[in-house]
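# Structural features, examined
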Amino acid sequence: QVQAVESGGGLVQPGGSLSLSCTASGRNFEIYSMGWYRQAPGNERELVAEVGIGNKINYADFVKGRFTISRDNAKNAVFLQMNSLKPEDTAVYYCYVEGEEDYGVGLTDFASWGRGTQVTVSS
């Protein structure tokens, strides 16, 4: 099973910055897309940013101009640089990865979620 692990969350003041990272691991797999989602208490999980096939990037409107997503394909990693943070950005941020894996029975699709990392923006 391909696994994703996030890190980099924490507590910052409004206007501050944080950097999140996520690394996927497994035996024999190919990643097609990686991205970041977030979920605040009482809210649905929502897309923050993603990098898909051909390194096409998609940002949610509420983070455009503030957040930057990047990907290191060789290291199976994705990063999220968050600037000008607002209290509304407070949430658990999850790494998402999807692709194909092969452990001896042929290629099969997979989708994995990290356990999440808490981001809190408060004075």
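Structural data are supplied above this passage.
Residues numbered from 1 in each chain as written. Predicted model: local features only at pLDDT ≥ 70, side-chain atom pairs only at ≥ 80, totals over all residues. Heavy atoms only, no water.

## Focus: the nonpolar core
Counted only if it meets this: Among buried residues, the Ala, Val, Leu, Ile, Met, Phe, Trp, Tyr and Cys ones that are joined through side-chain atoms within 4.5 Å form a nonpolar core. Three exposure classes are used, based on accessible area relative to the maximum for each residue type with a 1.4 Å probe and protein chains only: buried under 20%, partly exposed in between, and exposed over 50%. Here a helix means four or more residues in a row that DSSP labels H or I, a strand means two or more in a row labelled E, and each is numbered from the N terminus. Throughout, a contact is declared for two residues whenever any of their heavy atoms are within 4.5 Å.
If you look at the biggest cluster of nonpolar residues, it comprises 30 residues, and the most contacted ones within it are Met34, Trp36, Val48, Phe67, Leu80, Met82 and Tyr93. Counting only elements with at least two residues in this core, the list comes to strand S3 (18–25), strand S4 (29–39), strand S5 (46–51), strand S7 (67–72), strand S8 (77–82), strand S9 (91–101) and strand S11 (117–121). With sequence-adjacent residues up to four places away left out, methionine 34 is seen in contact with Cys22, Ala24, Glu50, Val51, Ile69, Arg71, Asn76, Ala77, Val78, Cys95, Tyr96 and Val97.

## Things to note about the environment of serine 33
Using the following cut-off: In protein, a polar contact means a hydrogen-donor-capable atom and an acceptor-capable atom, both N or O and within 3.5 Å, with residues adjacent in sequence counting only if both atoms are side-chain atoms; elsewhere, any N or O pair within 3.5 Å suffices.
Checked against the element boundaries, serine 33 lands in strand S4. Judged by relative accessible area, which is 9%, serine 33 ranks as buried. Distance from serine 33 to glutamate 98, taken between C-alpha atoms, is 5.6 Å for residues 65 residues apart in sequence. Excluding its chain neighbours within four sequence positions, the residues that come into contact with serine 33 are Val51, Gly52, Arg71, Tyr96, Val97 and Glu98. Within polar-contact distance, the side chain of serine 33 engages the side chain of glutamate 98 at 2.7 Å.

## Section: the sheet that holds strand S1 (residues 3–7)
Formally: Only when DSSP finds a minimum of two bridges between them are two strands counted as paired. Orientation is described by lines fitted to C-alpha atoms, with helices fitted over the stretch in contact, and by angles between N-to-C directions that extend from 0 to 180 degrees.
Taking strand neighbours across the sheet as the criterion, the four strands line up as S1-S3-S8-S7 in an open arrangement whose pairing is antiparallel. On the outer flanks of this sheet lie S1 and S7, each paired with one strand and no other. Averaged over all pairs of adjacent strands, the angle between their axes in this sheet comes to 15°, without regard to strand direction.

## Concerning the state of the cysteines
Which entries qualify depends on this criterion: Note on disulfides: each one is a pair of cysteine sulfur atoms within 2.5 Å.
Going through the model one piece at a time under the given rule, you end up with one disulfide. The partner cysteine of cysteine 22 in its disulfide is cysteine 95, sulfur to sulfur 2.0 Å. Disulfide cysteine 22-cysteine 95: torsion about the S-S bond near -80°, hence left-handed. One end of the pair, cysteine 22, is in strand S3; the other, cysteine 95, is in strand S9, with 73 residues separating them in the sequence. The burial state of cysteine 22 is the same as that of cysteine 95; both residues are buried.

## Comments concerning the environment of valine 92
Among the structural elements, valine 92 can be located in strand S9. Counting along the chain gives 90 residues from valine 92 to valine 2, while the straight-line C-alpha distance between them is 21 Å. Contacts of valine 92, omitting those with residues within four sequence positions, involve Tyr37, Arg38, Gln39, Gly116, Thr117 and Gln118.

## As for the packing of aromatic side chains
Given two aromatic rings, one states the distance between the centres and the angle between the planes to describe the pair. As a reminder of what qualifies: What counts as a ring pair is set by centres within 6.5 Å for rings of Phe, Tyr and Trp (its six-membered ring), and what kind of pair is set by the plane angle: stacked under 30 degrees, edge-to-face over 60, tilted for all other angles.
Applying the stated criterion across every chain, the model contains five aromatic pairs. Ring geometry for tyrosine 37 and tryptophan 113: centres 5.0 Å apart, planes at 70°, overall edge-to-face. Of this pair, tyrosine 37 sits in strand S4 while tryptophan 113 sits in strand S10 (residues 108–113), and the two are 76 residues apart along the sequence. Using a relative accessible area of 18% as the deciding quantity, one classes tyrosine 37 as buried.

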